[in-house]
Amino acid sequence: IYLNIIAKTFMSEFILGDYIFSRKRIGKGAFSTIYKGTHKFNGNTYAIKEICFDNLEKIRENIRREFTLMKALNHPNIIKLHDVFFDNINKNVYLVLDYYEKGDFSKFLKNKPLKEIYAKKYMRQLMSGLKYLYENKILHRDLKLQNILVTNNLNIVITDFGFARYFENDTILQTICGSPLYMAPEIIMKKKYTPKSDLWSLGVIFFELLTGKSPFYAKNMIDLIQKIKKDPVKLPNEFESVLTTECKELLFSLLQKKPNKRIDWEELFDNKWFKTDEILDKENKLFEITMTGSQMPNLDDYDLVKSEFLGDNLFKHKSIK
């Protein structure tokens, strides 16, 4: 349902339906501005994405596509769209989204590499979100660290579906879109491309998680194109020996310049690197140590009849009651 509304403007805030938003900007994209606000009745905090389409006619279809796609999405690693408002007087559209105070993944990482086990945690979450999109025939087309948000629980959600579109398995695309540092070589070379282009972008993100750097450092677009054409994808020397073979194999299977040599989506979802969860294994081992051996008291060593836990003072404290 698209509502025709007029945003009531004040000095420090504006109102959209049941939402009150501060006019202080918390983020800005190429065609959008992000604000923070609350719901008047439930008190929850939200982000609002304001997009002006008056003098940006070429992105009108992108806006329509974004909220049409997002309204149907429901996954823990995909941002949730709660409301859509049209201001037909000022030619703005407003998307009301979940708010995450920790910001995007780029700000969270601060160009610092993650240990492989933590990179796997976030890659597993990204893969889960992308698998959901893939099964719903949706191609994101602008995957990058800035379009991944960090939750309060230090999990991640994929956002910004302005370039997303539906696809079929034999879809061939030619619209150039995305961010140059994350664009697949076939896009940056202005060639036709397939849904495998998102796999390259995922590979660039994976490379950044592991090394804190981009696979290609370039001063400008021309320099970037030349490096993608000529330079091989290489890990910095200090990471060659610390990463597992399975990790490196997956990384380079994503960062294949020729699409026909790049890993398939189904192969990614079933990749052996994801089969083990070292973080969960560590937690389970700690639990096992706590629950076994000398770490647990032997109840046979205690005279429970005389124990204070069976006396009149059992749980007397009000807070425990």
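Description of the overall build of the protein chain
Part 1: Broken down by element type, the protein chain carries 10 helices and 12 strands.
Part 2: Counting over 321 residues, the protein chain shows a buried share of 43%.
Part 3: Of the contacts made within the protein chain by residues no fewer than 6 positions apart, 60% connect residues no fewer than 24 positions apart.
Part 4: Counting only carbon and sulfur atoms, one obtains 52% of the accessible surface of the protein chain, whose full area is about 18,900 Å².

What about the pattern of salt bridges?
Part 1: Evaluation of the coordinates by the stated rule reveals 8 salt bridges.
Part 2: Note that arginine 124 is salt-bridged to aspartate 277, the shortest N-O span being 3.8 Å. A residue pair is termed long-range when its members are at least 10 positions apart, and arginine 124 in helix α3 (residues 116-135) and aspartate 277 in the loop between α9 (265-269) and α10 (278-291) qualify at 153 residues.
Part 3: The partner of lysine 213 in a salt bridge is glutamate 238, with the nearest N and O atoms 4.0 Å apart. Placement of the pair is lysine 213 in the loop between α5 (197-211) and α6 (221-230) and glutamate 238 in helix α7 (residues 237-240), with a sequence separation of 25 residues.

Thoughts on the packing of aromatic side chains
Part 1: Applying the stated criterion across every chain yields a total of 14 aromatic pairs.
Part 2: Measuring from ring centre to ring centre gives 6.1 Å for phenylalanine 14 and phenylalanine 21, while their planes differ by 25 degrees; the resulting arrangement is stacked.
Part 3: Overall, the relative accessible area of 2% leaves phenylalanine 14 in the buried class.
Part 4: The exposure class of phenylalanine 21 is buried, given its relative accessible area of 1%.
Part 5: Ring geometry for phenylalanine 14 and tyrosine 94: centres 6.1 Å apart, planes at 45 degrees, overall tilted. Of this pair, phenylalanine 14 sits in strand β3 (residues 13-16) while tyrosine 94 is found in strand β8 (residues 92-98), placing the two residues 80 residues apart along the sequence.

Topic: the environment of methionine 221
Part 1: Note on placement: methionine 221 falls in helix α6.
Part 2: Relative accessible area serves as the criterion here: at 38%, methionine 221 is assigned to the partly exposed category.
Part 3: Residues methionine 221 and leucine 181 lie 40 residues apart in sequence; the distance between their C-alpha atoms is 9.0 Å.

Considerations on the confidence of the model for the protein chain
Part 1: Summing up the model confidence of the protein chain, the mean pLDDT is 82 and the portion of residues at 70 or higher is 80%.
Part 2: Residue range residues 1-10 is modelled with pLDDT below 50. Its contacts to residues more than four positions away, or to other chains, number 29 contacts.

Quick look at the side chain of lysine 120
Part 1: Here lysine 120 shows up in helix α3.
Part 2: Taking the relative accessible area as the measure of exposure, lysine 120 reaches 2% and is therefore buried.
Part 3: Of note is the side chain of lysine 120, whose polar atom sits 3.0 Å from the side chain of threonine 276.
Part 4: The residues contacting lysine 120, other than those within four sequence positions of it, are Trp273, Phe274, Thr276 and Glu278.

Topic: the nonpolar core
Part 1: Leu209 and Leu268 are the most contacted members of the largest nonpolar core, which totals 76 residues.
Part 2: Not counting the four nearest positions on each side in its chain, leucine 209 is found in contact with Phe105, Leu109, Pro113, Leu114, Ala119, Tyr122, Met123 and Leu145.
Part 3: Judged by nonpolar contacts, the second largest core, of 10 residues, contains Phe14, Tyr19, Phe21 and Val96.

Examining helix α8 (residues 245-254)
Part 1: Of the positions making up α8, those classed as buried are Cys247, Lys248, Leu250, Leu251, Ser253 and Leu254.
Part 2: Residues of α8 that are buried sit in contact with α3, α5, α7 and α9.

Notes on the environment of leucine 97
Part 1: Inspection of the secondary structure assignment puts leucine 97 in strand β8.
Part 2: Expressed as a C-alpha distance, the spacing of leucine 97 and aspartate 83, which sit 14 residues apart in the sequence, is 7.4 Å.
Part 3: Residues in contact with leucine 97, not counting those within four places in the same chain, are Tyr46, Ala47, Lys49, Met70, Ile79, Lys80, Leu81 and His82.

Notes on unusual backbone geometry
Part 1: For lysine 110, which is not a glycine, the phi torsion comes out positive at approximately 55 degrees.
Part 2: Summarising the element assignment, lysine 110 is placed in the loop between α2 (105-109) and α3.

Points about a positive patch on the surface
Part 1: Together, Lys191, Lys229, Lys230, Lys258 and Lys261 make up a positively charged patch on the protein surface.
Part 2: By the secondary structure assignment, lysine 258 is in the loop between α8 and α9.

Here's the deal with the packing of α3 against α5
In a packed pair of helices, the relevant descriptors are the angle between the two axes and the axis-to-axis distance.
Part 1: Remark: α3 packs on α5, axes separated minimally by 9 Å, with the N-to-C direction vectors making an angle of 160 degrees. One element, α3, and the other, α5, form an angle in the roughly antiparallel class. The chirality of how α3 crosses α5 is right-handed. Judged by residue contacts, Glu116, Ala119, Tyr122, Met123, Leu126 and Leu130 of α3 engage Leu202, Ile205, Phe206, Leu209 and Leu210 from α5.
Part 2: Here the contact of α3 with α5 is composed, by residue class, of 10 nonpolar, no polar and 1 charged.

Regarding the pairing of β8
Part 1: For β8, a buried count of 6 out of 7 residues is recorded, marking the element as mostly surrounded by other parts of the structure.
Part 2: In this sheet, β8 lies alongside strand β6 (residues 45-52) in antiparallel orientation, the contact comprising 7 bridges. Note on β8: the bridge partner recorded for alanine 47 is leucine 97.
Part 3: In this structure, strand β7 (residues 81-87) lies alongside β8, joined through 6 bridges in antiparallel fashion. Bridge pairing in β8 places valine 84 opposite leucine 95.
Part 4: Here β7 hands over to β8 after 4 residues, with lysine 91 in that stretch at a positive phi of 60 degrees.

What counts and how
Residues numbered from 1 in each chain as written. Predicted model: local features only at pLDDT ≥ 70, side-chain atom pairs only at ≥ 80, totals over all residues. Heavy atoms only, no water. Helix = DSSP H or I, 4+ residues; strand = E, 2+ residues; numbered from the N terminus. Buried < 20%, exposed > 50% of the residue type's maximum accessible area, 1.4 Å probe, protein only. Contact = heavy atoms within 4.5 Å. Areas by Shrake-Rupley, 256 points an atom, 1.4 Å probe, with all protein chains shown as cover. Salt bridge = Lys/Arg side-chain N within 4 Å of Asp/Glu carboxyl O. Phe/Tyr/Trp six-rings, centres within 6.5 Å; stacked < 30°, edge-to-face > 60°. pLDDT = per-residue confidence, 0-100. Polar contact = N/O pair within 3.5 Å; in protein donor to acceptor, adjacent residues only side chain to side chain. Core = buried A, V, L, I, M, F, W, Y, C linked by side-chain atoms within 4.5 Å. Patch = residues over 30% accessible without salt bridge, like charges linked within 9 Å, V, L, I, M, F, W, Y side chains within 5 Å. Lys, Arg positive; Asp, Glu negative; His and termini not counted. Charge placed at Lys NZ, Arg CZ, Asp CG, Glu CD. Axes fitted to C-alpha atoms, helices over the stretch in contact; angles between N-to-C directions. Parallel < 35°, antiparallel > 145°, perpendicular 65-115°, else oblique. Left-handed = near helix turned anticlockwise from the far one by under 90°. Nonpolar A, V, L, I, M, F, W, Y, C, P; charged D, E, K, R; others polar. Pairing = 2+ DSSP bridges.

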